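# Remarks on the overall topology
If you want the building blocks of each chain, they are given just below.
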Amino acid sequence: MSEEKTENEVKNKKTDATKKGGCLKGCLTIFILLAILGGLISACFGGEDKDSSKQATNVSEEADKGNKEKTKEVTAETSKESKTSDDKLAKQKDYFIKNTQPAIEEWTKSYDQLWNKYWKPTFEAIGNGSTDVYKAYDNMKTLKYGYRELTLKDSLPVEELSKQQKKDVKDAMNQLRYAAASRQMAAEKAMKMFDESNFSPSQMDKIKSDITASDSQLLQGVVVITKIKQELGLIEEGKK
């Protein structure tokens, strides 16, 4: 009886030990699984945050690099365009000085010479009685054809000027030609006056009206020419 009781106690102890060992083994397994799972979570999420941050930094650096390169390209292009514009303006200026301006000056010189050679001396002589109406008539006839010739000169060398400069030169020449035409009409009226010995105030007013018109038209042409010179840097802004 005593031996049977002892065997039962031993069996019970073994059973308890077995249960305790199984429980301990299960806890250890769970702990290992939790550790592995924690490592996986850290690898999946912690690593992703690190990679995303690094990727964002790389993208930012690439963007900065791209912006710097674009800025350099824009600066270089602007500098190139500025140099091209300066070179073009220099060529236009040189062309105007050597070709267009001399032609304009030759025209205005003839315009003034005709007036100073024929109109002024004739009316001074008529005034002091040192000439007659026949000579005066001939002088006005010469003056008439002289200014008529100037009205026909409507083209100037402008090949290497800009489109706007060509237009401005044409506008200026139109005004100069109108001025020459007005003086031509004044000479014609003076011819009639000497031919008919009609020195009436109304006839003189008609002649003066043509002269005033010619002065105004000449001034308008000079203003346009001055504008062209200012744009080309030949004279300072505000000076004529």
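Above this note sits the structure.
Fair warning: this is a prediction, and the values are worked out from it, not measured in the lab. (Residues numbered from 1 in each chain as written. Predicted model: local features only at pLDDT ≥ 70, side-chain atom pairs only at ≥ 80, totals over all residues. Heavy atoms only, no water.)

### Brief notes about the packing of helix α3 (residues 163-196) against helix α4 (residues 201-231)
Filter applied, for reference: Lines fitted to C-alpha atoms define the axes, with helix axes restricted to the stretch in contact, and inter-axis angles between N-to-C directions lie between 0 and 180 degrees. Numbering of helices and strands starts at the N terminus; helices are DSSP runs of H or I of at least 4 residues and strands are runs of E of at least 2. Angular relationships are summarised with four words: roughly parallel below 35 degrees, roughly antiparallel beyond 145, roughly perpendicular across 65 to 115, and oblique for the angles in between. By convention the crossing between two helices is left-handed if the near helix lies anticlockwise of the far one by an angle smaller than a right angle, and right-handed if it lies clockwise.
Contact geometry for α3 and α4: axes closest at 8 Å, N-to-C directions at 165°. Considering the angle they form, α3 stands roughly antiparallel to α4. Crossing geometry of α3 relative to α4 is assigned as left-handed.

### Notes on the pattern of salt bridges
Cut-off, in case you're wondering: For this document, the term salt bridge refers to a Lys or Arg side-chain nitrogen within 4 Å of an Asp or Glu carboxyl oxygen. The buried label applies to any residue whose accessible area, calculated with a 1.4 Å probe on protein chains only, is under 20% of its type's maximum; exposed applies above 50%, and partly exposed to all values in between.
This structure, assessed with the given rule, holds 5 salt bridges. A salt bridge links D94 to K98; the shortest N-O distance between them is 3.4 Å. A residue pair is termed a helical-turn pair when its members lie 3 or 4 positions apart in one helix, as D94 and K98 do in helix α1 (residues 2-128) at 4 residues. According to the relative accessible area criterion, D94 is partly exposed, its value standing at 38%. Of the residues examined, K98 reaches a relative accessible area of 57% and is grouped as exposed. Residues D168 and K227 are paired through a salt bridge, measuring 3.7 Å at the closest nitrogen-oxygen approach. Taken as a pair, D168 in helix α3 and K227 in helix α4 lie far apart in primary sequence, 59 residues in all. Judged by relative accessible area, D168 falls into the buried class, the value being 3%.

### Some thoughts on the packing of aromatic side chains
The description of an aromatic ring pair rests on the distance of the ring centres and on the angle between the ring planes. Threshold: Any two rings among Phe, Tyr and Trp, with Trp reduced to its six-membered ring, count as a pair given centres within 6.5 Å; such a pair is stacked if its planes are under 30 degrees apart, edge-to-face if over 60, and tilted if neither. Geometrically, a charge over a ring is one whose NZ (Lys) or CZ (Arg) sits within 6 Å of the ring centre while staying within 35 degrees of the ring normal.
For the coordinates displayed, the defined rule picks out 7 aromatic pairs. Centre to centre, the rings of Y111 and Y147 are 5.4 Å apart; their planes meet at 70°, and the pair counts as edge-to-face. Taken together, the residues span a long stretch of sequence, with Y111 in helix α1 and Y147 in helix α2 (residues 133-151) at a distance of 36 residues. For Y147, a relative accessible area of 0% corresponds to the buried category. Ring centres of F123 and F194 lie 5.7 Å apart, and the angle between their planes is 45°; this geometry places the pair in the tilted category. One end of the pair, F123, is in helix α1; the other, F194, is in helix α3, with 71 residues separating them in the sequence. A residue is classified by how much of its surface remains accessible, and F123, at 23% relative accessible area, is partly exposed. Within the aromatic cluster, the residues linked to one another by ring pairs are W107, Y111, W115, W119, F123, Y147, F194 and F199. When the ring centre of W115 is taken as reference, the NZ or CZ atom of R183 above it lies at 4.0 Å.

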